[in-house]
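# Remarks on the overall topology
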Amino acid sequence: MTRRNLLLTILAAGAAGLSLAGCPLPQPLAEVSRVDGGTLTPPRVLSESALPPGPMTLVSKTCAQAPQFTVQASLVDENVLEPVEARWFLDYSTNPGGYSMLRVDTVAPPEPNAPSQTVRALQPLQLPVPAFDPAAPTHVLEVVVSNGFYASGQEPPGVPPNRSAQPGYEAQLFRWVFTYVDAGGACLYP
């Protein structure tokens, strides 16, 4: 190898090393779609943020008044530019009139000065659990979140009403189960 070729090889290796040691390329923000045409993760309820915690809440059969619970959770959504809708149901059934939609909330995007804030709190729900009835010893509260629900009554046939997402979107749900017990259950959850 000639001295000139050796010098060119050393310079080429040095230039390659400098280009690798340079500043890393910035990663795309969450609200920017992927270059491969893929989609971002849809909104999800953070199970560790749910209150009351746990898969089941025990309710005393002997509550003097209808049991009252404050239910809350947070969601995570990578797309910080869009609102997310949360729909709350008690004892959902696909039979017409077989469920109670308690409330629909719109969870606004984060403030413009906090564009990387992907976790947003749902508005707490004051839930009066029905008094004990032996025919219904358990009640299920569900919150369904999506950034693309069908409009109420616009779902295609066979799609669960008021909780289904349009094509290209997803709906995700989280459940709280309230079951009655003879002893040791609560009547209130702050």
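Residues numbered from 1 in each chain as written. Predicted model: local features only at pLDDT ≥ 70, side-chain atom pairs only at ≥ 80, totals over all residues. Heavy atoms only, no water.

## Examining the side chain of Glu82
Along the polypeptide, Glu82 turns up in the loop between strand S3 (68-76) and strand S4 (84-90). Of the side chains bearing the opposite charge, Arg120 lies closest to the buried Glu82, which forms no salt bridge; the N-O distance is 5.4 Å. At 2.7 Å, the side chain of Glu82 forms a polar contact with the side chain of Asn147. Those residues within four positions of Glu82 in sequence are excluded, and the remaining contacts are Asp77, Pro109, Arg120 and Asn147. (Helix = DSSP H or I, 4+ residues; strand = E, 2+ residues; numbered from the N terminus. Buried < 20%, exposed > 50% of the residue type's maximum accessible area, 1.4 Å probe, protein only. Lys, Arg positive; Asp, Glu negative; His and termini not counted. Salt bridge = Lys/Arg side-chain N within 4 Å of Asp/Glu carboxyl O. Polar contact = N/O pair within 3.5 Å; in protein donor to acceptor, adjacent residues only side chain to side chain. Contact = heavy atoms within 4.5 Å.)

## Examining unusual backbone geometry
Residue Pro52 follows Leu51 across a cis peptide bond; omega there is 0°. Relative to the helices and strands, Pro52 is located in the loop between strand S1 (44-51) and strand S2 (56-60). If you check the backbone angles, Asp91 has positive phi at about 55° while not being a glycine. As for its position among the elements, Asp91 is in the loop between S4 and strand S5 (100-107).

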